[in-house]
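Residues per chain, in single letters:
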Number of protein chains: 2
Amino acid sequence: MAKVLVSQVDAVWLAERLHDWPDGSGPMYQRLAQAIERLVQAGEVQGGARLPAERLLSTELKVSRTTVAGAYELLADRRLVTRRHGSGTYVESVRTETPPPRESVLMRSLERNEIFDGLLDPPRELLDMRSAVIHDSPGLPQRALDAVGADVARAASLQGYVPAGLPALRAAIAARYTALGLPTEPGEVLVTSGAQQALALIAMLHVRPDDEVVTEALTHTGAIDLFVASGARLRTVPVGQQGADVDAIERVLTERPRLLYLIPSIHNPLGSVMPARERRRLASLLDEHPDLVVIADDTLADTYRDRRPPPPLGSYPGAHRVLHTGSLSKLIWGGLRVGWVRGPVPEIRRLARLKALTDLGSSIPSQLLAIRLMEEGEDFADDRRAMIAQRGRTLERALAHRLPSWTFDTPEGGLCLWIRLPGGSARELTMRAARHGVALAAGSIQSPQGHFSDHLRIPYSHSELVLTRAVDRLADAWEQHADPSPICELEDLRVVV
Amino acid sequence: MAKVLVSQVDAVWLAERLHDWPDGSGPMYQRLAQAIERLVQAGEVQGGARLPAERLLSTELKVSRTTVAGAYELLADRRLVTRRHGSGTYVESVRTETPPPRESVLMRSLERNEIFDGLLDPPRELLDMRSAVIHDSPGLPQRALDAVGADVARAASLQGYVPAGLPALRAAIAARYTALGLPTEPGEVLVTSGAQQALALIAMLHVRPDDEVVTEALTHTGAIDLFVASGARLRTVPVGQQGADVDAIERVLTERPRLLYLIPSIHNPLGSVMPARERRRLASLLDEHPDLVVIADDTLADTYRDRRPPPPLGSYPGAHRVLHTGSLSKLIWGGLRVGWVRGPVPEIRRLARLKALTDLGSSIPSQLLAIRLMEEGEDFADDRRAMIAQRGRTLERALAHRLPSWTFDTPEGGLCLWIRLPGGSARELTMRAARHGVALAAGSIQSPQGHFSDHLRIPYSHSELVLTRAVDRLADAWEQHADPSPICELEDLRVVV
């Protein structure tokens, strides 16, 4: 269950979550009270949190202050909130009698991520700007593809259950880390079905309900989902152009959380890189916390534009226990579903056992293809990087031209731009954008607390033609967005967003 | 944690679990008491269970009755057991203060399955007779293999994250169920990474700690592991040549368990089939339990020898909510890692979301290859069935010739024989067999209670040459096994078994 750990509930965030509050019958203040109650019952707003001031919430909801005051009074009558004079309105802790069934807890955690929705219901007539993964993968080397059939015929003389991964692929991934400055043996590598499975296995092995998990304040949305689904309580540390704030990590580690999840090499969604000096400081800090599980997610590390990021976190003194997760999805092709965990041998062995339990091992044809594609070497990788960077510049130029009020930093790499809107709610814009034929992810899904409601993530993993067209449509949507007339078919639109 | 629900602890089973009891220092009765205490603390023997009579355990452990009596007295002094005059020695309920860390619970559940061990540490110089999956897969059609490279090149123009599976593969699997008498739409099918992932997703969605899960008394070892890892309490119903005992299912369902897991079409390991009449009775019974999650595992259904099993359970009146799991691993190739769940659309959608969270979808190259291989049709499937049946007959003949005291029923299909030894412990035999170069799975790992300690499972998924050689080696091992001299290097051997 998503546990929002802010003690002050943000008015913009709450207004977004309350988007369907006027539905139903009865006086407006009653409907609003009921909608707030639903959020509390769902655990989205937790006991102890302070609700927004009446004035702020009434502005965001575009209702009179009397309506909000009435709703708060009603909630206080029903003992769902307490009002403290001069201080504010606080949510009481509620405890349902019986725990909700397993599937409802899980599904509620899954429903927050509209990127997954997009994958399950691919929009037919929309430009889908949600997943940051190369949509068309031109130029996979023909000689690698041709070899697959022969490789499979040979491999089919083996039984096919290889939970830890094909030895040759483990060796290739180990060689890659060694070349990056982190000497690695094949036994320190587990092949997974993409980096998402690598994270899922680590979460399954280590995170129990109510464990504390620390992530950056903006992070990979699939990781948020996994930790929330594990029942973890999420805490965050600030992240910026220098990566995660190491001082903040130092402070939070004194409370002995269970797991720390970071993206030091090309951050998702910021595209930033933690410098070598900060890595060194962080590593020596980790040395003091031997029971902490640390994940450094390298999923985007190979998609740098100009400068390769510093050596992997695990290569710095003190950080030898760090679990590095990674993937071929971003630089090569998501359809391979080839990722990995790199870590100490005993940990890799435990994760491999869990992988055997989970799916008995990854696809052999995919692993064979991955070996061939990795053999193509740095020239192939450079070509892919150049293609991605070119698409990034195309998106930047198109936005600068058509939507100059939208701001962003040029990232060091990755597959998306992290956009700040000059105002208003990004979620509302995504609804308008859907009407103009573009499916977009609101920035708030990359925040464990649902913050950054004025941000958007726009991937540049599509072809340049699609990118240009998408920006044209977004500019049209933005023009109407600036016009403050209300959206009428809001409910209808939610199904496609 | 494995919870043994027998109220009477079997002497043979306990002696096996105590195999390393003489390690350590101090008097023998003390060491034995400590070893029993360890099993209780590990949850392998539960509170309330009756320990074996002193005489029986002393015979199995080959020690004097005084040693066992001394151990029981010591445990009684320490209040770990109570002795009731004329009735026996009962384990007291123990409750550890703090729950063990997540990974230790999980890993303990994983360590019981030596088949997974074999996959993680493939024996170099042993004939591995543990996994029942075709070890060599000769004759994969060349035209299907040749097409893979071209298919991949085309598919790489899609982004590659398809959590529910490629539409064409979902349609092919749906058509297969429709042809078998269970009309199915593609939307009722989720593609998974093998049937093991199908089970894992269902367990993850539905099974919470302490939920009751009912399986057959012998069943797929990977399913036992999954349910145990979910924290479920396992109950069993008898299973035999007519499949699961429907009367026993009717009785156990009155206690409203959470999930029922059955293998009606070619049982693992029995190779038996539930007749149509029993399916009909079972289906109408399920109709009365709308909240029960029912899995019918079809993994082996296509490996019948002479007669195709009756239509899938879900096609009988009342059983429309049954989740069918299945796989291409057994008939085609385990390395594909292509399996599925077939069930109601809302359930498939929830499982697809969970699959997105878990790994974002299965390998596209594998799915493309699976489509091509399924297109090869019934002639190809008949060839594979004939090859498997031929191997089965080879193993049966070799055993009848070299090990006539071992008994088994000829199965209706599947990939293994379920062997009853004329006496002694199958686990001890597996240790001797390892010294003769054969890795074998003891039958007890297919029993949720660790019963059937005098049974072995021998797969006939190897080539006929390997099967003949394996039986020769087993015959040598058996000859020594009949000789009651003790095994000295028992500890050394455990690493390869």
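Residue indices begin from 1 for each chain and proceed along its sequence in written order. Note on labels: chains are lettered from A, ligands numbered from 1, in written order. Since the coordinates come from a predicted model, pLDDT governs what is reported: local features require at least 70, and pairs of side-chain atoms require 80 or more to be given and counted, while whole-chain, interface and lining totals use all residues. Side-chain numbers here rest on the full set of heavy atoms in the structure, without hydrogens or water.

Caption draft 1: Main features of the overall build of chain A. Counting secondary structure elements, chain A contains 18 helices and 15 strands. Here chain A, with 497 residues, has 61% of them falling under the buried criterion. Note on definitions: a residue-residue contact is assigned when non-hydrogen atoms from the two residues lie within 4.5 Å. Put simply, of all contacts in chain A between residues at least 6 apart along the chain, 75% involve residues at least 24 apart. All accessible-area figures derive from a Shrake-Rupley calculation using a 1.4 Å probe, and residue coverage is judged against the displayed protein chains alone. On chain A, roughly 19000 Å² of surface is accessible, and the fraction owed to carbon and sulfur atoms is 51%. Only DSSP runs of H or I with at least four residues qualify as helices, and only runs of E with at least two residues qualify as strands; both kinds are numbered from the N terminus onward. Buried residues are those whose accessible area, probed at 1.4 Å on protein chains only, stays under 20% of the maximum for their type, while exposed residues exceed 50% and partly exposed ones sit between those limits.

Caption draft 2: Quick peek at the nonpolar core. If you look at the biggest cluster of nonpolar residues, it comprises 132 residues, and the most contacted ones within it are W406 and I458 of chain A together with W406 and I458 of chain B. Other than its neighbours up to four places away in sequence, W406 of chain B contacts L399, I419, R420, L421, P422, L429, L456, I458, L474 and W478 of chain B. Note on terminology: a nonpolar core comprises buried Ala, Val, Leu, Ile, Met, Phe, Trp, Tyr and Cys residues joined through side-chain atoms within 4.5 Å. Ranked by size, the runner-up nonpolar core spans 62 residues in total, among them L234 and Y261 of chain A together with L201 and V207 of chain B.

Caption draft 3: Layout of unusual backbone geometry. With omega at 15 degrees, the peptide bond leading from N268 of chain A into P269 of chain A counts as cis. Tracing the backbone shows P269 of chain A in the loop between β9 (259-262) and α12 (276-286). Phi at R79 of chain A takes a positive value of approximately 65 degrees, unusual for a residue other than glycine. Tracing the backbone shows R79 of chain A in the loop between α4 (65-77) and β1 (81-84). Under the relative-accessibility criterion, R79 of chain A is labelled exposed at 71%. Even without a glycine there, the phi angle at I266 of chain B is positive, about 70 degrees. Position of I266 of chain B relative to the elements: it lies in the loop between β9 (259-262) and α12 (276-286).

Caption draft 4: Just the pattern of salt bridges, in detail. All names here are of chain A. Salt bridge, as applied in this entry: a Lys or Arg side-chain nitrogen positioned within 4 Å of an Asp or Glu carboxyl oxygen. As enumerated under the stated definition, the model contains 50 salt bridges over all chains in all. With its nearest N and O atoms 3.4 Å apart, the salt bridge here joins R65 to E54. One end of the pair, R65, is in helix α4; the other, E54, is in helix α3 (residues 54-61), and 11 residues separate them in sequence. Using a relative accessible area of 49% as the deciding quantity, one classes R65 as partly exposed. Relative accessible area serves as the criterion here: at 16%, E54 is assigned to the buried category. R420 is the partner of D454 in a salt bridge, and the nearest nitrogen-oxygen pair spans 3.2 Å. Placement of the pair is D454 in the loop between β14 (438-442) and β15 (455-459) and R420 in strand β13 (residues 416-420), with a sequence separation of 34 residues. Judged by its relative accessible area of 45%, R420 is partly exposed. Taken together, the shared-partner salt bridges connect E54, R65, E73 and R83 into one network.

Caption draft 5: Examining the packing of aromatic side chains more closely. Between rings of Phe, Tyr and Trp, where Trp is taken as its six-membered ring, a pair exists when centres lie within 6.5 Å; planes separated by under 30 degrees are stacked, by over 60 edge-to-face, and by other angles tilted. One pass over the structure, following the stated rule, counts eight aromatic pairs over all chains. With 5.4 Å between their ring centres and 90 degrees between their planes, W406 of chain A and W478 of chain A make a pair best called edge-to-face. In this pair, W406 of chain A is assigned in the loop between α15 (377-402) and β13 and W478 of chain A in helix α17 (residues 464-482), connecting sequence segments 72 residues apart. For the pair formed by W406 of chain A and W478 of chain A, the shared burial category is buried. Whether a charge sits over a ring depends on NZ of Lys or CZ of Arg being within 6 Å of the ring centre and within 35 degrees of the ring normal. R84 of chain B extends its terminal NZ or CZ atom over the ring of Y90 of chain B, reaching a point 3.9 Å from the ring centre. In this structure, R176 of chain B packs its charged tip against the face of Y177 of chain B, placed 5.0 Å from the ring centre.

Caption draft 6: Region of the structure containing the side chain of E376 of chain B. With respect to the helices and strands, E376 of chain B occurs in the loop between α14 (364-375) and α15 (377-402). What E376 of chain B contacts, discounting residues up to four positions off in sequence, is P141, R143 and A144 of chain B.

Caption draft 7: Structural context of the pairing of β9 of chain A. All names here are of chain A. A two-sided burial pattern is seen for β9, the buried positions comprising L259 and Y261 on one face and L260 and L262 on the other. By this definition, two strands are paired if DSSP reports at least two bridges between them. Two strands pair when backbone bridges link them, and strand β5 (residues 212-216) and β9 are joined in this way by three bridges, in the parallel orientation. Note on β9: the bridge partner recorded for V214 is L260. With four bridges connecting them, β9 and strand β10 (residues 293-297) associate as parallel partners. If you follow Y261 over to β10, its bridge partner there is I295. Handedness rule for crossovers: strands pointing away from the viewer, path from the first strand over the helix to the second running clockwise, crossover right-handed. The parallel pair β9 and β10 is bridged by α12, and the resulting crossover is right-handed.

Caption draft 8: How the structure looks around the sheet that holds strand β10 (residues 293-297) of chain B. Residue and element names in this part refer to chain B. Strand order in the open sheet formed by seven strands is β4-β12-β11-β10-β9-β5-β6, with mixed pairing between adjacent strands. Both outer strands of the open sheet, β4 (189-192) and β6 (233-237), are each paired with one neighbouring strand and no more. Sheet twist, expressed as the mean angle between neighbouring strand axes with direction ignored, is 20 degrees. Across four bridges, the pairing between strand β11 (residues 323-327) and strand β12 (residues 339-342) is antiparallel. Paired with S327 across the bridge in β12 is G339. The convention used is that axes are lines fitted to C-alpha atoms, helices contributing only their stretch in contact, and that angles between N-to-C directions extend from 0 to 180 degrees.

Caption draft 9: View of the pairing of β1 of chain A. Residue and element names in this part refer to chain A. Here β1 runs beside strand β2 (residues 88-91); their pairing, made up of four bridges, is antiparallel. The partner of R83 across the bridge, within β2, is T89. Hairpin geometry of β1 and β2 is characterised by an intervening segment of three residues between the two adjacent antiparallel strands and by a positive phi of about 75 degrees at G86.

Caption draft 10: Expanded view of the confidence of the model for chain A. Summing up the model confidence of chain A, the mean pLDDT is 86 and the portion of residues at 70 or higher is 88%. Confidence of the predictor at the level of single residues is captured by pLDDT, which takes values from 0 to 100. Note that pLDDT drops below 50 for residues 95-101 of chain A; the model gives that stretch five contacts with residues more than four away or on any other chain.

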